[in-house]
Amino acid sequence: MKRTLPPIGKLSTAAATPRPRPAFPARLDTAPAPPVHKPGALAALRPVTAAPAPGTRAAGHTAPVGVGMDSVAVRTAMVRKLQGQGIVHAGVLAAMQAVERHRFVDTALANQAYEDTSLPIGLGQTISKPSVVARMLELLCQGREEKLGRVLDIGTGCGYQAAVLSHLAREVYSMERLRGLHDKARDNLRAFRVANLHLLFGDGMLGYPQGAPYAGIVAAAGGNDVPQAWIDQLAVGGRLVAPAVTADGQQHLVVIDKTAQGCVRSVLEPVLFVPLKSGIA
Ligand code: SAH
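Residues numbered from 1 in each chain as written. Predicted model: local features only at pLDDT ≥ 70, side-chain atom pairs only at ≥ 80, totals over all residues. Heavy atoms only, no water.

Asker: Requested: an account of the site of the ligand, with residues and values cited.
Answerer: In the vicinity of the ligand there are 25 residues, among which T126, E176, D203, G204 and K277 approach most closely. A distance of 3.1 Å separates an oxygen atom of the ligand from a polar atom in the backbone of Q161. With respect to the ligand, the side chain of D203 contributes an N or O atom lying 2.9 Å from a nitrogen atom. A per-element tally of the shell around the ligand places strand β3 (residues 125-127) first, with three residues. Along the lines of polarity and charge, the residues of the shell around the ligand split into 13 nonpolar, eight polar and four charged. (Near = heavy atom within 4 Å. Polar contact = N/O pair within 3.5 Å; in protein donor to acceptor, adjacent residues only side chain to side chain. Helix = DSSP H or I, 4+ residues; strand = E, 2+ residues; numbered from the N terminus. Nonpolar A, V, L, I, M, F, W, Y, C, P; charged D, E, K, R; others polar.)

Asker: Hey, could you go over the nonpolar core for me, with residue numbers and the actual values?
Answerer: If you look at the biggest cluster of nonpolar residues, it comprises 51 residues, and the most contacted ones within it are M96 and Y160. At seven residues, helix α3 (residues 130-141) tops the list of elements feeding residues into this core. Counting residues in hydrophobic clusters, the runner-up holds 23 residues, among them A229, W230, A244 and V254. (Core = buried A, V, L, I, M, F, W, Y, C linked by side-chain atoms within 4.5 Å. Buried < 20%, exposed > 50% of the residue type's maximum accessible area, 1.4 Å probe, protein only.)

Asker: An account of the pairing of strand β7 (residues 214-219) is needed here, citing residue identities and associated values.
Answerer: Burial runs high along β7: six of the six residues are buried. With four bridges joining them, strand β4 (residues 148-154) and β7 adopt parallel strand pairing. Paired with V151 across the two strands is G216, which belongs to β7. The sheet contact formed by β7 and strand β9 (residues 234-245) spans four bridges and is parallel. (Pairing = 2+ DSSP bridges.)

Asker: Account for the environment of G204, naming residues and giving values.
Answerer: Here G204 is to be found in the loop between β6 (197-201) and β7. Residues G204 and A229, 25 residues apart in the sequence, show an inter-C-alpha distance of 9.4 Å.

Written out as C-alpha cells, the structure reads:
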C-alpha cells in the first residue's frame, strides 16, 4: 500500500483486539432500517421516491432556493474547483459529484450549498466546506483505488460527509453526540437509499467498538488530542484522519497510520473545526 505522508513521530499502541462484529444491516439507535438495496459503486444518492429529474426534489421536499433546476451543473463546477485545489482521487471526486449537498442544509441556505464555505446546521455546528470534506476523504482513501471496508465517521452533523463516505466505504458508522443533529441527519437521509450508512447517537470520543476494527476513522470535530479509543479501534493497515491541537497550540489535521509495528503520526496543515466534546446532549 502506498503511503506518501512523511512520518512525524511514532506512537506505540496496543494491537487491535478482535471484537464481535455486528450483524448487518446493523440495527442502530432508533433509525428505521433503510431499504435494502445493493448500492452501485458510484451511483448517485437518489431519493427512494420515483425518479425525479436530476437536481429536483423528491416528493415531500420543497424546491431548493437558488440552486437552479440542474444542481448537477453546479456540482460539476464544484468538483472542477476541487480538482483545481489539488484533489485527484477519482472516487472522492465522483462521490462529491454524486451527493446533493443542497439537500443537507436549510432551504434558505441552499443557494450557497455549492460554494466552498461552511454553513450553519443548527445547535452551533457547521457543515464543513466541500474542499475540507474532499481533503479529509482523499487522505482517508489515499493510495487505495478500491472501496474501504468499515469506516467510522465522528460528528455526523447534518449527514453530508457521511453520505459522501457511503460511496467510498462498504459500511459507514456515523456518530453524533447531539440528539437534535442526529435526528436531523436521519431526516435528511431518510429519502435516500443508503443501506450501508448507519447513524449512531452517542459520544464519538468512545468510538464504536462493536464495529471495530475500522479500515478508516475520520472526525469532523477536534480535541486536544486524538482519543485512544479511536486508535485502539483502528485496524492494522487502517488510517485515521482528524483535527487535533498539536504542539504549537493550533488545530491541525492529524493522520495516524496503524502498522504492525505501531502507529505513524503525521501532522498536516492548520485547520479550524468545531470542538470535539464528550458526553451526549
Ligand atoms: N460531517 C458533518 C460536520 C458536522 S460539524 C457534516 O457533514 O455536517 C461536527 C459535528 O461533530 C457536530 O455536529 C458536533 O456535534 C459533533 N461532535 C462533537 N463532538 C462529538 C463527539 N464526542 N461525538 C460525536 N459527535 C461529536
